[in-house]
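Coordinate analysis (summary)
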Amino acid sequence: MESGRGLRFLHFVKLFLLAFIGSIAPAVAINIEKRLLLWAGLGGALGYCVALAFNPYSLSFNIAQIFMGTVFVGLYSELMATYLKAPATVFCIPGIFPFVPGVSAYQTVLSLANNEFNQAAVYGLNTVFKSFTIAFGIMIVTAFFRFVRKQNKRGENLPSNSK
Amino acid sequence: MEQEQILEIALQIGSTLLQYGAETYRVEETIKRICDSYDLNCEPFAFTTGVFASAKVEKGISTVFKRISSRKVDLTKIARLNALSRRIQREKPDYKEIKEELDDILKCKTYSYGAFALSFAFTASVYAYLFGGSYTDAFAALIVGILLGLIHPVFAGNSSLFPFIQYFADGFAAGILSSVASILIPLTDVYIVIIGALTNLLPGVALTNGVRDLLHGDNISGVTRLGEAFIVVAVLAFGAGIGLSLWNLGGV
């Protein structure tokens, strides 16, 4: 029992580090600012672990896991954007990188090229659903923060508007 | 500042944002915010390959358009342009100062050639492992990633090549390198290695951004981005497939 828990903890640490590198490395390729590099990696790694926590036994995530992960990445990006004075996209793009379905898009085309149309349909739908989920997860958080900010701004402007 | 100059600055900032991978709604919002802060009533329209902005000036209606030929994500430039647009709103600096700042942003330094290659290597290796590869697969992907990262800027930096040829060259290089690596390093799965190597190049983020544009109501840019992403995937797979089969022909 003890060793099982220890192993599971090690599993999490290993995947946390892998996701950390997996968010930092693509971020360097798209020229992120040096001061934000580690923060972006942290967001990606935490988001990955949030998704992993719902089902630690499989590395291929289902839609619900991806949704939870991206909502976390969205929240983290918006908070860090205010805290570190940078646009939220800078944290979002590296953060969602471990989830993006680039590989299933590739597998779709590969199956099409090999005349395996059933496989292509499976991979294609997988790609579509995953990218919709990621976009939706990020979108919900962005919309929420926008709404809150607009409300705050309206509150501040009220006295000057009413004169 | 004159009204035409305001429009020019706003459009230049907007088009640079678009060129370096900002979302469509952010581009439109930035142009509108800059014009608003100078009390210029402006109507921007951005899509994936260009930006329009039209404003009512003293002499009538003025419309400017900027075509964007190449796109590439650059987070430093997005962050700095964002900061600049906020500064314009706050302080309203004069034309020359903004121009100088813009030039400075365009020239901002990027990571070195070696760091770029290493980033490709680590991405390839991590995702080869996460995709179910063994440690040897990850090691092979690391080597392939470094070489791919050294080759990639040669084609991507050359604006005289069509995007199609750039992606094809990338895919082809990934295919050849992966098959060589899987033969030289024992116990590697060429399929996993090639997927790891291609993770660097596959437009997963563009795909997600396309859906994001669609959800946001920017249908034109959404569909364009999705179409672009599909073409890129197809060309990469095409290049990789030809690379693999060429090596098999020669090797067998």
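Located above this text is the structure these notes cover.
Report on the accompanying structure. (Residues numbered from 1 in each chain as written. Chains lettered and ligands numbered in written order. Predicted model: local features only at pLDDT ≥ 70, side-chain atom pairs only at ≥ 80, totals over all residues.)

One way to put it is that helix α4 (residues 89-96) of chain A packs onto helix α3 (residues 75-91) of chain B with a least axis distance of 10 Å and a crossing angle of 155°. With respect to each other, α4 of chain A and α3 of chain B are oriented roughly antiparallel. Taking contact as the criterion, the partners of T89, V90 and I93 of chain A in α4 of chain A are, on α3 of chain B, L75, I78 and A79 of chain B. Its residues assigned to classes, the contact of α4 of chain A with α3 of chain B shows 5 nonpolar, 1 polar and no charged. (Axes fitted to C-alpha atoms, helices over the stretch in contact; angles between N-to-C directions. Helix = DSSP H or I, 4+ residues; strand = E, 2+ residues; numbered from the N terminus. Parallel < 35°, antiparallel > 145°, perpendicular 65-115°, else oblique. Contact = placed C-beta atoms within 7 Å. Nonpolar A, V, L, I, M, F, W, Y, C, P; charged D, E, K, R; others polar.)

Counting 126 residues, the largest nonpolar core has Y106 of chain A together with A10, V144, A197, L198 and L236 of chain B as its most contacted members. Element by element, the count of residues in this core is highest for helix α5 (residues 113-130) of chain B, at 10 residues. What A10 of chain B contacts, discounting residues up to four positions off in sequence, is I31, I34, C35, C42 and A53 of chain B. (Core = buried A, V, L, I, M, F, W, Y, C linked by C-beta atoms within 7 Å. Buried ≥ 20, exposed ≤ 12 C-beta atoms within 10 Å, placed from the backbone.)

This part takes up the interface of chain B and chain A. Counting residues at the interface gives 40 residues for chain B, matched by 34 residues for chain A. A per-element tally of the side of chain B that touches chain A places α5 of chain B first, with 10 residues. Of the residues belonging to the side of chain B that touches chain A, the class tally is 27 nonpolar, 11 polar and 2 charged.

Residues and elements named next belong to chain A. One way to put it is that helix α2 (residues 37-53) packs onto helix α3 (residues 63-84) with a least axis distance of 8 Å and a crossing angle of 155°. It follows that α2 is roughly antiparallel to α3 by the angle criterion. The crossing of α2 and α3 is right-handed. Of the residues in α3, those touching α2 at W39, G43, L46, G47, Y48, V50 and A51 are Q65, I66, M68, G69, T70, F72, V73, Y76, S77, M80 and L84. The class makeup of the residues in the contact of α2 with α3 is 12 nonpolar, 6 polar and no charged. (Left-handed = near helix turned anticlockwise from the far one by under 90°.)

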